[in-house]
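# Chain and residue survey
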Amino acid sequence: MSDASTNPTSLTTEEVRRVAVLARLGLSDEEVERLRVEMAGLLGEVSALQAVDTSGVEATGHAVEGVHTVMREDVPVPPLPVADVLANAPRREGDYIRVQAVMEG
Amino acid sequence: MSEHHYQSVREMADALRSGQTTSAALTEEHLARIEALEPQVDAYLAVTADGAREQAAAADAALGAGKGGPLTGIPVQIKDNMATRGVATTCGSRMLEGFVPPYDATVVARLREAGAVMLGKGNMDEFAMGSSTETSAFKPTHNPWDLERVPGGSSGGPAAAVAAGLAPYALGSDTGGSIRQPASCCGIVGLKPTYGLISRYGLVAFGSSLDQIGPMTRTVEDAALVLNAIAGHDPHDSTSLPRPAPDYTAGLKDGVKGMRIGVVAEYFGEGIAPAVADATRAAIERFAALGAEIVEGVSLPTSLTALAAYYIIAPSEASANLARYDGVKYGYSAQDVTDMVGAMAATRDRGLGPEVKRRIMMGTYALSAGYYDAYYKKAQQVRTLIRREFEAAFGRVDLLVTPTAPTPAFRIGEVADPVVMHANDICTVPVNIAGIPAISVPCGFVDGLPVGLQLMGPHLSEATLLRAAHAYEQSAGWFERHPAL
């Protein structure tokens, strides 16, 4: 069991920041540095996979055979009441959810 | 005051039917015990006393009219990642603090129909990510056998509640061991059913190809009773298996005579505490004495890579599932940031804890352009090899046995390195990777702390697992011990 800080797998600060943008995570500089070290350690942990020969092996999605894409009958059913669904919205305007500006005007 | 809190669900049901007690009395006894002990154990994120009293009154009315089943009037705790209509569901995260679901998870609805009395919601690792319940954004849960130690995780609240007599049974969820490892740490029974046997509709999604809900109980028979109530197809969950579920109590007492139980060689050596391996070995001897045929030296070498596959698959799926927490529709929202993308990033930075962020980052990295084939696809291929390895083993034996966790419960704060924390899941993760069922049942004590053994079976072998676990449990008698609180 290797300590994350001594693991040879390298990961740059820029890569961590790029992933944080993809994940929509605003991270502090300290968080970025801590994650850089921890993620390098975890990538070391999962590197055991590369030693397994998987040539010609299909990937497993559903682990139990026989369940594939499931279609239901196209029959309308009553949805949840709008008021119940919107009760948890942080900001509302009538029956709408109010959000921040998507594009600057 | 009558003492029912360490009775099994079956015993409580019998007491209700014979008029020895009422659901109202059982409920009050549990609420009083929660009030007295919860400050030490911290197994609950919310106690729903008023709702419990109403449900108990309804259950007593049903029982008085000669109606109801074995769970009618019996209290239960629900892990806080299952939606409960009108009752806050936090998933152990600030992100969902104050979120009140407008609907019930299918398992919760089925328990309501069965007449259950919900005492409250169980503490857990944030978004079920952890093996100790220490990543809960609200508080750690304490192991009832030693309050300085963790209860395991992520279903640590449910496990501690059931072990401490703060609930007769609980529903947990298991993505990589989150029912079985805390069951082992707290000396109770935990069943992870076959992938697809139980609906996940209303379960907060973590790793969708791995997640399963299951019972956490003090006896194996109770696990069968709870499974009867919650198993079966649900059109709301497209991964649920379109098969009728059998009666899991039928054949429960048929014993293990002639059953072939394979000992998995890889899980008794390196990485497993010798005292844990010894306790499991002693249990295997008892299985032999009960008439099972023990097959030594079953080897599952590829299963040792399951942990690596898991720590790609689970974070990848989590990164996709947790993308929904954007501060727009529900949950925590950073309202002070005025642009949309900045508000989402701030919402997620403030609303999510470090373990969850780390997994989202790992998953996003593994799924990002240029890495998908090397990580996620590779892990899903390895998964196929692990499934085949189990299938081959189950061609030779009925069940496989390993320890459940490599050590007894560790001290709160003792494990900081995530790679070391992950090693807790070494025996349990292969089961989720293969989608097979497994049960943890107490098999003794190490330095006063409970440890469990794990029985694994092929897809949909729950009845066989329960039968074997019941035979061992009744013979070994560990279930009669309770923590001194």
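Residues numbered from 1 in each chain as written. Chains lettered and ligands numbered in written order. Predicted model: local features only at pLDDT ≥ 70, side-chain atom pairs only at ≥ 80, totals over all residues.

### Digging into the overall build of chain A
Just so we agree on the cut-off: Think of it this way: any DSSP run of H or I at least four residues long counts as a helix, any run of E at least two long counts as a strand, and we number them from the N terminus. The exposure scheme places C-beta atoms from the backbone and then counts, for each residue, the other C-beta atoms within 10 Å of its own, assigning buried at 20 or more, exposed at 12 or fewer, and partly exposed in between. Each residue is represented by a C-beta atom placed from its backbone, and any two residues with such atoms within 7 Å are regarded as in contact.
Per the secondary structure count, chain A includes three helices and two strands. Shown N-terminal to C-terminal, the secondary structure of chain A runs as helices and strands in the order α-α-α-β-β. Taking all 105 residues of chain A together, the buried fraction comes to 22%. Counting only contacts in chain A whose residues sit at least 6 apart along the sequence, the fraction spanning at least 24 positions is 53%.

### Re the interface of chain B and chain A
This is how it is decided: Following the grouping adopted for this structure description, the nonpolar residues are Ala, Val, Leu, Ile, Met, Phe, Trp, Tyr, Cys and Pro, the charged ones are Asp, Glu, Lys and Arg, and the polar ones are all others, Gly among them.
Taken together, the contact between chain B and chain A spans 61 residues of the former and 46 residues of the latter. Elements with a contribution of two residues or more to the side of chain B that touches chain A: α9 (306-321), α10 (340-351), α11 (354-367), α12 (373-393) and α13 (418-422) of chain B. A breakdown of the residues in the side of chain B that touches chain A according to their chemical character gives 30 nonpolar, 20 polar and 11 charged.

### Describing the sheet that holds strand β10 (residues 438-446) of chain B
All names here are of chain B. Going by this rule: Following DSSP output, two strands are said to pair if at least two bridges run between them. Under this scheme, a helix contributes an axis fitted over its contacting stretch, all axes are lines through C-alpha atoms, and angles between N-to-C directions fall in the 0 to 180 degree range.
Judged by pairing direction, the sheet is mixed, and its 11 strands sit side by side in the order β1-β3-β2-β4-β6-β5-β10-β11-β9-β7-β8 without closing on themselves. Each having just a single partner strand, β1 (44-47) and β8 (293-298) make up the two edges of the open sheet. Strand-to-strand twist across the sheet, computed as the mean angle between neighbouring axes with direction ignored, equals 30°. Where strand β2 (residues 75-79) lies against strand β4 (residues 169-174), two bridges are found, and the strand directions are parallel. Its bridge partner being in β4, Gln77 is matched across the sheet by Ala170.

### Thoughts on helix α2 (residues 23-41) of chain B
Residue and element names in this part refer to chain B. Under the convention used in this document: A residue's bend is the angle separating two fitted axes: one through the seven residues that end there, the other through the seven that start there.
In the structure, α2 departs most strongly from a straight axis at Glu35, where the bend amounts to approximately 40° and where the proline Pro39 lies between one and four residues downstream. Here the buried face of α2 lies against α1 (9-17), β1, α3 (49-64), β2, β3 (117-122) and α5 (156-163). Phi for Asp42, located one or two positions after α2, is positive at around 55°.

### A closer look at the nonpolar core
All names here are of chain B. Formally: One nonpolar core equals one set of buried Ala, Val, Leu, Ile, Met, Phe, Trp, Tyr and Cys residues connected by C-beta atoms within 7 Å.
Val76, Ala309, Met361, Leu399 and Leu455 are the most contacted members of the largest nonpolar core, which totals 168 residues. Of all the elements, α9 adds the most residues to this core, at 10 residues. If sequence neighbours within four positions are ignored, Leu399 has contacts with Met259, Ile261, Leu455, Met456, Gly457, Thr464, Leu465 and Ala468.

### Things to note about the confidence of the model for chain B
Applied cut-off: The pLDDT value tells you how sure the predictor is about a given residue, anywhere from 0 up to 100.
The predicted model of chain B has a mean per-residue pLDDT of 96, with 100% of residues at 70 or higher. Both scores are given for the predicted complex: the pTM is 0.96, the ipTM 0.90.

### What about the packing of helix α2 (residues 29-46) of chain A against α11(B)?
The condition that has to hold: For this classification, under 35 degrees means roughly parallel, over 145 means roughly antiparallel, 65 to 115 means roughly perpendicular, and everything else is oblique. Left-handed is the label given to a crossing in which the near helix is rotated counterclockwise from the far helix by less than a right angle, and right-handed is the label when the rotation is clockwise.
In contact at an axis separation of 11 Å, α2(A) and α11(B) are set at 60° when each is read in the N-to-C sense. By the criterion of interaxial angle, the relationship of α2(A) to α11(B) is oblique. Crossing hand, α2(A) versus α11(B): right-handed. Contact with α2(A), carried on its side by A:Leu35, A:Glu38, A:Met39 and A:Leu42, involves B:Arg358, B:Met361, B:Met362 and B:Tyr365 of α11(B) and no other residues of that element. Of the residues that constitute the contact of α2(A) with α11(B), the class distribution is six nonpolar, no polar and two charged.

### As for unusual backbone geometry
Residue and element names in this part refer to chain B. The omega torsion of the bond from Gly153 to Ser154 falls at 10°, within 30 degrees of zero and hence cis. Mapped onto the secondary structure, Ser154 falls in the loop between β3 and α5. Residue Cys91 is not a glycine yet carries a positive backbone phi of 60°. Tracing the sequence through the fold places Cys91 in the loop between β2 and α4 (106-113). Accessibility expressed as a C-beta count within 10 Å gives 30 for Cys91, which makes it buried.

### Considering the pairing of strand β7 (residues 260-264) of chain B
Side-chain positions along a regular strand alternate between the two faces of the sheet. Residues and elements named next belong to chain B. As a reminder of what qualifies: By convention a crossover is right-handed if, when the strands point away from the viewer, the path from the first strand over the helix to the second runs clockwise.
Bridging between β7 and β8 involves four bridges; their strand directions are parallel. Bridged to Ile261 within β8 is Ile294. Handedness of the crossover joining β7 and β8 through helix α8 (residues 274-289) is recorded here as right-handed. Pairing of β7 with strand β9 (residues 399-403), which is carried by three bridges, proceeds in the parallel orientation. The residue of β9 that forms the bridge with Ile261 is Leu399.

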